Amino acid sequence: MSGLNGVVTFRLCGQVFGLPVEAVREVVPIAWLDRPPQTPSMVQGVLNLGGRAVPVLRLDRLLGLGDGTYGIDASILIMRAVEGEQPLGLLVEHVDGVRPMDGFTTMGFFDGVTFNGCLADQLDFGGQVVQLLAWRNLLLAEERHRLADFQAMTQARLAELGDAAP
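Residues numbered from 1 in each chain as written. Predicted model: local features only at pLDDT ≥ 70, side-chain atom pairs only at ≥ 80, totals over all residues. Heavy atoms only, no water.

## What to know about unusual backbone geometry
For step 1, the next point in the chain: In the Ramachandran plot, Cys13 falls in the positive-phi region, its phi being about 55 degrees despite a non-glycine side chain.
For step 2, the next point in the chain: Tracing the backbone through its elements, the reader meets Cys13 in the loop between strand S1 (6–12) and strand S2 (15–20). (Helix = DSSP H or I, 4+ residues; strand = E, 2+ residues; numbered from the N terminus.)

## Some points on the sheet that holds strand S7 (residues 89–92)
For step 1, the next point in the chain: The mixed open sheet is built from 5 strands, whose spatial order is S3-S6-S7-S5-S4. At either margin of the open sheet sits one strand with a lone partner, and together these are strand S3 (24–29) and strand S4 (43–49). Between one strand axis and the next, the sheet turns through 30 degrees on average, direction left out of account.
For step 2, the next point in the chain: Sheet topology places S4 next to strand S5 (residues 52–58); 6 bridges connect them, and they run antiparallel. (Pairing = 2+ DSSP bridges. Axes fitted to C-alpha atoms, helices over the stretch in contact; angles between N-to-C directions.)

## Re the sheet that holds strand S10 (residues 119–125)
For step 1, the next point in the chain: An order of S8-S1-S2-S11-S10-S9 is seen for the 6 strands of this open sheet, with the pairing classed as mixed. Of all the strands in the sheet, just strand S8 (94–100) and strand S9 (105–106) have a single pairing partner and so form its edges.
For step 2, the next point in the chain: When S2 meets strand S11 (residues 128–133), the two strands line up parallel, connected through 2 bridges. In the sheet register, Phe17 faces S11, and the bridge partner there is Gln131.

Honestly, that's just the spatial picture; any functional story needs more than this.
Encoded structure:
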């Protein structure tokens, strides 16, 4: 946990989760999403973010939680891309906020009980358990590759629409 400056906390399927603030580029309110043909089931849709096609993933499905309930207070976490990758979004039910690390106590957990090490730690925040996710471990390499192909296809469609404008 050393090196973390803070945690973006959010709710999903009745649980509280967090991601290191360094992994999240921005939080955007729920928006209209395009759902082109051949959209993978883990993708809620594609967000047009300033002319860039950003696939928005269903974090509830990635974590095997079932289907979440997304209302007016739902948000999309735009994740910080590493070199050579395009950004991805995560759909969450509600963002609680950005919390400094000094408000959390590490509870620890038995490593090896989560798929691909997607859980980094369990944190206590004033008596509330926060599941700290490891963003880089939420997707397998093959899933990242296929999402990149899907994103390139949707970006090309978006570019075609821009070229067709009068």
